[in-house]
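Structural overview for review
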Amino acid sequence: MIGTMKAGDLVRLSRAASPQFVRPITVRVIRELTDRHTYHGWTWIEAYEVGPDGNARAKRELFVLREGIDLLPSGQTGQSTRRKPARARR
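This write-up is about the structure you can find in this document. Note that the structure is a prediction, hence the values are computed from the model and not measured.

**Quick notes on the sheet that holds strand β4 (residues 56-65)**
Ordered by their spatial adjacency, 5 strands build an open sheet running β4-β3-β2-β1-β5, and the pairing between neighbours is antiparallel. Only two strands of the sheet have a single neighbouring strand rather than two, namely β4 and β5 (69-72). Here the average twist between neighbouring strands, direction ignored, is 40°. Taken together, the 4 bridges between strand β1 (residues 10-13) and β5 define a ladder with antiparallel strand orientation.

Written out as structure tokens, the structure is:
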């Protein structure tokens, strides 16, 4: 279970966080909306959805189950962007 989220946290949201995430997404937290009253274990977050390239795609407000949130290392977008190196010409 993740504690209080702070600005800049990178998290992966899957079906464990909410049924709405049939396809998992990665978001960068702007802030946790603690002034909204929710069910026990749930929270609202304001975040930017992050694309495979690490850039923000859309600003979103999300209702998620804390227990289902996966905190990622800050340099990881959760999706592989690694490509095979180009072959050198001779």
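**So, the nonpolar core**
Inside soluble globular proteins, nonpolar side chains tend to come together where they are buried. L13, F21, V27, L62 and V64 are the most contacted members of the largest nonpolar core, which has 13 residues in total. At the level of elements, β1, β2 (25-32), β3 (42-50) and β4 are the ones that each hand at least two residues to this core. Among the elements that make up this core, the one with the highest residue count is β2 (3 residues). Not counting residues up to four positions away in its chain, the partners in contact with L62 are L13, F21, V27, T43, W44 and I45.

**Topic: the pattern of salt bridges**
Enumeration according to the criterion identifies 6 salt bridges in this entry. Put simply, R36 and E61 hold a salt bridge, and the shortest N to O gap is 2.9 Å. Separated by 25 residues along the polypeptide, R36 in the loop between β2 and β3 and E61 in strand β4 bring together distant segments of the chain. Exposure remark for R36: the relative accessible area of 34% places this residue in the partly exposed category. A salt bridge links K59 to E46, with the nearest nitrogen and oxygen atoms 3.2 Å apart. Remark: E46 occurs in strand β3 and K59 occurs in strand β4; sequence separation between them is 13 residues. With relative accessibility at 9%, the residue E46 sits in the buried group. Several salt bridges share partner residues, and in doing so they unite R31, E46 and K59 into one network.

Parameters and conventions
Residues numbered from 1 in each chain as written. Predicted model: local features only at pLDDT ≥ 70, side-chain atom pairs only at ≥ 80, totals over all residues. Heavy atoms only, no water. Pairing = 2+ DSSP bridges. Helix = DSSP H or I, 4+ residues; strand = E, 2+ residues; numbered from the N terminus. Axes fitted to C-alpha atoms, helices over the stretch in contact; angles between N-to-C directions. Core = buried A, V, L, I, M, F, W, Y, C linked by side-chain atoms within 4.5 Å. Buried < 20%, exposed > 50% of the residue type's maximum accessible area, 1.4 Å probe, protein only. Contact = heavy atoms within 4.5 Å. Salt bridge = Lys/Arg side-chain N within 4 Å of Asp/Glu carboxyl O.

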